[in-house]
Amino acid sequence: MPHKGLGLAPRLHYLVDRARRIDVGSVMERAKESAAQHDKWTPAIVVDMLWQAGFRNVGFQDYIDYDFAILSRDERATYMTHPVSNQLSQRFDHPDFRHIFQDKIEFDRVFSDHLHRDWMVVGSGNADAVRAFAERLGTIVTKEPVGQAGTGVHRYHADEIDDWEAFHRGLLERGELLIEEVIVQHPDLAAVCPGTVNTTRITAFFDGRQTHILAMAQKFGRGAVSDQMTFGGFYTMLDDDGHAVGPGYDSHGHVHEKHPDSGFVIGDFQLPMIDEVRDFVDRVARVVPQVQYVGWDIVVTPDGPVLVEGNWGAGVYENKPSVTGIRTGHKARYREAIGF
């Protein structure tokens, strides 16, 4: 694919914005954390972090998450980072279509054929409809239309609700306007964590003809309504066949050889129906072709993959060398598919 480049202007804009918002205290804490973990000198880590941020497009958290303190220059160059991902999102996700991915209600409308679950919108005067929906399903998930990292997601049990008018009023007041049926996940996912619907993040690029899967990460929860790190969740990278490449980890220094609750060995995990998953991602990537670079969250059910959401700001999931022993990232795959 022809070399496109990402351009100097977006990079400078990102750097200026990042410099304006820099939290010196947070940088120092991250540097101390990395120095302690890898037996390095803290001032040297600080200088290296700033250099990598300013001249190598490496976010401060990227530096920590992907153990840059122990990687060589060549190894670092193989890693995808959040600043680079942000530039790709700005370039390949058309602004006129991003709202479809930002508003969960609009997303459900556009991608309704790929959700494979019931959903409804809370509005004034439809308390009876909300009650009928919840009582029919037993358990429901509510979402605020705009949110990220699992914020604004809640789970309710119909048999615990006594006053449906008050419940309906509360949903409106809190902005929990989208109600969805709870996804029933595949037994292989439930074996790891049955209390949370465990999503698979698949970062993909649609070039107008072909969908390229760039990276796959399996997220696991801790029994909460979401598997995001804000709810105690963690992830492991998957290889091309959907097998875990090693233990799980998060951005808070926690490493999980086994799931803390079920005892499942994370390195033994195999994503079921991997062929169906690839086909499914190709189908959903074609629904809004103007948004080419997306982080898709899917769940494999006993009947096949279903769509949870798509993130036009795809974010980054990568290998952690100190956990997996793998000292290279996925950047080459991104370059090959996108051509930057």
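Quick note: structure is the one above.
Note that the coordinates shown come from a computational prediction; the quantities given were computed from them, not determined experimentally. (Residues numbered from 1 in each chain as written. Predicted model: local features only at pLDDT ≥ 70, side-chain atom pairs only at ≥ 80, totals over all residues. Heavy atoms only, no water.)

J.: Explanation requested: a negative patch on the surface in the structure shown.
T.: On the surface, a cluster of negative charge is contributed by Asp128, Asp162, Asp163 and Glu165. By the secondary structure assignment, Asp128 is in helix H9 (residues 127-137). The exposure class assigned to Asp128 is exposed, which follows from its relative accessible area of 62%. (Patch = residues over 30% accessible without salt bridge, like charges linked within 9 Å, V, L, I, M, F, W, Y side chains within 5 Å. Areas by Shrake-Rupley, 256 points an atom, 1.4 Å probe, with all protein chains shown as cover. Salt bridge = Lys/Arg side-chain N within 4 Å of Asp/Glu carboxyl O. Lys, Arg positive; Asp, Glu negative; His and termini not counted. Charge placed at Lys NZ, Arg CZ, Asp CG, Glu CD. Helix = DSSP H or I, 4+ residues; strand = E, 2+ residues; numbered from the N terminus. Buried < 20%, exposed > 50% of the residue type's maximum accessible area, 1.4 Å probe, protein only.)

J.: Which parts of the structure should I look at to understand the sheet that holds strand E1 (residues 119-121)?
T.: To summarise the sheet geometry, strands pair through backbone hydrogen bonds and adopt either a parallel or an antiparallel arrangement. Taken together, 4 strands build an open sheet; the order of strands is E1-E4-E2-E3 and the sheet is antiparallel. Looking at strand neighbours, the two that pair on one side only are E1 and strand E3 (153-157), the edges of this open sheet. Ignoring strand direction, the axes of neighbouring strands in this sheet form an average angle of 25°. Pairing analysis gives 3 bridges linking E1 to strand E4 (residues 178-181), with the strands arranged antiparallel. (Pairing = 2+ DSSP bridges. Axes fitted to C-alpha atoms, helices over the stretch in contact; angles between N-to-C directions.)

J.: What is the right way to look at H9 in this model?
T.: The α-helix winds at 3.6 residues per turn, so residues separated by three or four positions along the chain end up facing the same way. For H9, every residue scored as buried is listed here: Ala127, Val130, Phe133 and Ala134. Taken down its axis, H9 places every buried residue within 125° of arc, on the same side. The exposed residues of H9 that point more than 90 degrees off its buried face are Asp128 and Arg136. Looking at the buried side of H9, the elements it contacts are E1, strand E2 (139-143), helix H10 (164-174) and E4. (Arc of directions from axis to C-beta. Contact = heavy atoms within 4.5 Å.)

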